[in-house]
Amino acid sequence: MGFVLSCREDFDPEIAEYPEITIENFSPKMARPGASVTITGTNFGDRTEAVTVAFSGVEAEVTSTEDNEIVVTVPEQAATGNLSVKVWLSEKQFMDEFIVIPGAKIASYSSTSVGLGDTVTITGTNFGSDADDVNITINEVEAEIISVNDTEIQFRVPDTSTGIFVMKVGAQTIEGPVFLVGIEKVTGELFGHSGSWGNNPDTEIDAGVDGDIETFVDANGSVGYLGYKLDGGYGVIPTMIRFFPRVTHAGRMVGAEIRGTNDPSNAANPSSGEYDVLYTIPETPNTEEFTQVDLEAGNTAYQYIYIYFASGGGNLSEIEFYGKIEVPKLTGTLIGHSGSWNDNPDTEIIAAVDGDLSTFVDGATSSGYVGYDLGNGRTAVVTKFRYAPRASHPARMVGGELRASNDPDYLNNFTVLHTIESEPGVDEYSEAEINEATSYRYIYYYSSSGSCNVAEVEFYGLESN
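All values reported here derive from a predicted model rather than from experimental measurement. (Residues numbered from 1 in each chain as written. Predicted model: local features only at pLDDT ≥ 70, side-chain atom pairs only at ≥ 80, totals over all residues. Heavy atoms only, no water.)

**Student:** Just checking my understanding: could you explain the overall build of the protein chain for this structure?
**Tutor:** The number of helices and strands found in the protein chain is 1 helix and 38 strands. Expected size for 465 residues packed as a compact globule is a radius of gyration near 23 Å; at 33 Å, the protein chain overshoots this value by more than 25%. Looking at the 465 residues of the protein chain, the share that counts as buried comes to 45%. Accessible surface, the protein chain: about 22,100 Å² in total, of which carbon and sulfur atoms supply 45%. Computed over 24 positive and 71 negative side-chain charges, the inter-centroid distance for the protein chain is 2 Å. (Helix = DSSP H or I, 4+ residues; strand = E, 2+ residues; numbered from the N terminus. Rg over C-alpha atoms; globule rule 2.2 N^0.38 Å. Buried < 20%, exposed > 50% of the residue type's maximum accessible area, 1.4 Å probe, protein only. Areas by Shrake-Rupley, 256 points an atom, 1.4 Å probe, with all protein chains shown as cover. Lys, Arg positive; Asp, Glu negative; His and termini not counted. Charge placed at Lys NZ, Arg CZ, Asp CG, Glu CD.)

**Student:** Would you mind showing me how to read the packing of aromatic side chains here?
**Tutor:** Pairs of aromatic rings are described using the distance from one ring centre to the other and the angle between the two planes. Applying the stated criterion across every chain yields a total of 21 aromatic pairs. Here Phe26 and Phe98 contribute two aromatic rings whose centre-to-centre distance is 6.1 Å and whose plane-to-plane angle is 55°, an arrangement assigned as tilted. Here Phe26, found in strand β3 (residues 22–27), pairs with Phe98, found in the loop between β11 (90–93) and β12 (99–100); they are 72 residues apart in sequence, far enough to count as distant. The pair formed by Phe26 and Phe98 is uniform in burial state, with each residue classed as buried. Feature note: the residues Tyr372, Phe385, Tyr387, Tyr445 and Phe459 constitute an aromatic cluster, connected by ring pairs. We note Arg259 situated over the ring of Tyr308; from NZ or CZ to the ring centre the distance is 3.9 Å. The lysine or arginine in question, Arg403, covers the ring of Tyr446, its NZ or CZ lying 3.8 Å from the ring centre. (Phe/Tyr/Trp six-rings, centres within 6.5 Å; stacked < 30°, edge-to-face > 60°. Lys NZ or Arg CZ within 6 Å of the ring centre and 35° of its normal.)

**Student:** Please clarify how the sheet that holds β3 should be interpreted in this entry.
**Tutor:** The strands making up a sheet are joined through hydrogen bonds of the backbone, oriented either antiparallel or parallel. Strands sit in the order β3-β5-β9-β8 across an open sheet of 4 strands; the sheet is antiparallel. A single partner strand is all that each edge strand has here, and the edge strands are β3 and β8 (61–66). If you compare each strand with its neighbour and ignore which way they point, the axes differ by 20° on average. For β8 and strand β9 (residues 69–73), the ladder comprises 5 bridges, and the chain directions are antiparallel. The residue of β9 that forms the bridge with Thr65 is Ile70. (Pairing = 2+ DSSP bridges. Axes fitted to C-alpha atoms, helices over the stretch in contact; angles between N-to-C directions.)

**Student:** Would you mind showing me how to read the confidence of the model for the protein chain here?
**Tutor:** Any region with low pLDDT has predicted coordinates that should not be read closely. Taken as a whole, the protein chain shows an average pLDDT of 92; of its residues, 95% reach a score of 70 or greater. With pLDDT under 50 throughout, residues 1–8 is counted as low confidence; its partners more than four residues away or in other chains account for 21 contacts. (pLDDT = per-residue confidence, 0-100. Contact = heavy atoms within 4.5 Å.)

**Student:** I tried to follow unusual backbone geometry on my own but got confused; where do I start?
**Tutor:** Among all residues save glycine, negative phi is the norm, and among peptide bonds the norm is trans. Between Ser27 and the following residue, Pro28, the backbone shows a cis peptide bond with an omega angle of 0°. Checked against the element boundaries, Pro28 lands in the loop between β3 and β4 (30–31). Despite not being glycine, Asn126 shows a phi value in the positive range, around 60°. Examined against the element boundaries, Asn126 turns out to sit in the loop between β15 (119–125) and β16 (134–138). One non-glycine residue, Asn342, lies in the positive phi region at around 60°. Along the chain, the position of Asn342 falls in the loop between β31 (333–336) and β32 (368–373).

**Student:** How do you make sense of the side chain of Arg32 when you look at a structure like this?
**Tutor:** Summarising the element assignment, Arg32 is placed in the loop between β4 and β5 (36–42). In terms of polar contacts, Arg32 uses its side chain to reach the backbone carbonyl oxygen of Asn126, at 2.7 Å. (Polar contact = N/O pair within 3.5 Å; in protein donor to acceptor, adjacent residues only side chain to side chain.)

**Student:** Even after reading the chapter, I still don't get a negative patch on the surface, so can you show me in this structure?
**Tutor:** A contiguous patch of negative charge on the surface is contributed by Asp202, Glu204, Asp206, Asp210, Asp212 and Glu214. In this structure, Asp210 sits in the loop between β23 (189–192) and β24 (224–229). The class for Asp210 is partly exposed, based on a relative accessible area of 37%. (Patch = residues over 30% accessible without salt bridge, like charges linked within 9 Å, V, L, I, M, F, W, Y side chains within 5 Å. Salt bridge = Lys/Arg side-chain N within 4 Å of Asp/Glu carboxyl O.)

**Student:** What is the right way to read the pattern of salt bridges from this model?
**Tutor:** Any two side chains of opposite charge can pair, so long as their charged atoms come close to each other. Applying the stated criterion to the full structure yields 13 salt bridges. With its nearest N and O atoms 2.7 Å apart, the salt bridge here joins Glu144 to Arg156. Taken as a pair, Glu144 in strand β18 (residues 144–149) and Arg156 in strand β19 (residues 152–156) lie far apart in primary sequence, 12 residues in all. Of the charged contacts, one joins Arg403 and Glu401 as a salt bridge, the two residues approaching to 2.8 Å between their closest N and O atoms. Accessibility assignment for this pair places Arg403 and Glu401 in one class, buried. Shared partners join several salt bridges into a network, and the residues in it are Lys329, Arg386, Glu431 and Glu458.

**Student:** Would you explain the environment of Gly377 in this entry?
**Tutor:** Mapping Gly377 onto the fold places it in the loop between β32 and β33 (380–389). Separated by 78 residues in sequence, Gly377 and Asn299 have C-alpha atoms that sit 26 Å apart.

**Student:** What's the story with the environment of Thr331 in this structure? I'm lost.
**Tutor:** Among the secondary structure elements, Thr331 is positioned in the loop between β30 (318–326) and β31. The class for Thr331 is partly exposed, based on a relative accessible area of 29%. In the structure, Thr331 is positioned 46 residues away from Pro285 in sequence and 35 Å away in space, judged by C-alpha atoms. Non-local contacts of Thr331, meaning those with residues more than four positions away in its chain, are made with Asn262, Tyr372, Leu374 and Arg378.

**Student:** What's the story with the sheet that holds β30 in this structure? I'm lost.
**Tutor:** Reading across from one edge, β22-β30-β25-β28 is the order of the 4 strands in this open sheet, with antiparallel pairing throughout. Each of the sheet's edge strands pairs with one partner strand only, and the pair in question is β22 (184–185) and β28 (291–294). Note that strand β25 (residues 235–244) and β28 share 4 bridges and pair antiparallel. Its bridge partner being in β28, Phe243 is matched across the sheet by Thr291.

So this is what it looks like as structure tokens:
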């Protein structure tokens, strides 16, 4: 028997008396990092704090201790070799070596911006070949494993939302990056203010999207802005932004606005036209890491998204926009019939585009129409039409037409893109996919009867100019 004075910091000093330990066996004999190994013997006691187990000198985490059994976790840095057990001052070493199966290591992902059901390929080493030994989750939702070999794993993205990627190979756990599910990093045509302070080419707007936090934007004045016009006429429903300030002037980002617009005039001049403010930076951002902000995703897809500084000279190091890439809603100058039944101002054509299903259009005559002139030089290929009827008269939309034209005399020279053939549901949108390759300037809903009774109309498409 021996007496040992314990002075460990994680429990009270005391006099502990233990006999010399014996070691009998350990199991399993080989495993990956992260696996549990059980050691049997005698006189271990029940004080986990007194136990040290090492794999070739690399100390392991002790998860439980009983007088005849110790359970430990194989450490990440473990190597094949001796397994030693120490309880207080009594130390023993097994004659048999513990064999460490090399831990899995990930080298790359085919993509971390994915859609539901996409196939993702992971490359690396030491994955093994048993698919039953591999488990992958995104935001805690398990993915389907398609194939496994020692250097490659393929899996299918589950029905989940953006979140952390976690992979288990046997008992080993690897936490990976955030997978952006259903959202993408926005790219396209960079736009923004021109020039820079002192005409320094290194601080023009492209410094804000070059991936280098050492570079920064510095406008030639207090006002600055930069962002993207999406390619192909697509729009983004913004869901997240990431930004990093100019380290020496981080406070200049306070009050900067994240804006979205489908108005080209606003993209050319932020003080004109229409836009939505999606987020305002409320405080000085962190200067040691990116600030990430989740945005409340609405239903509007913006063809232009940008950050705007009313002051501060556009000072930032990096800005990143993320969201769901979709076909944007088309807007322009409202066109349509004039007046309303009994001259009621609440049922004029503006009611069809106010976003309110409880309001409705009620024309002064049996026929009527409402839509948009996209404007001089603007045309679009219509891809989707959404509509909702006046709740008390949904049948009046049957026979209504979605029309498009490039002729200023669009009421007489037009193409019918869709005809409503059945009564739509009330208090909800109905939707029609449009398969038409021609690009049009004038797009509108026309009703030959029923007084153009609609609650809402929405047109979606890809701009051609």
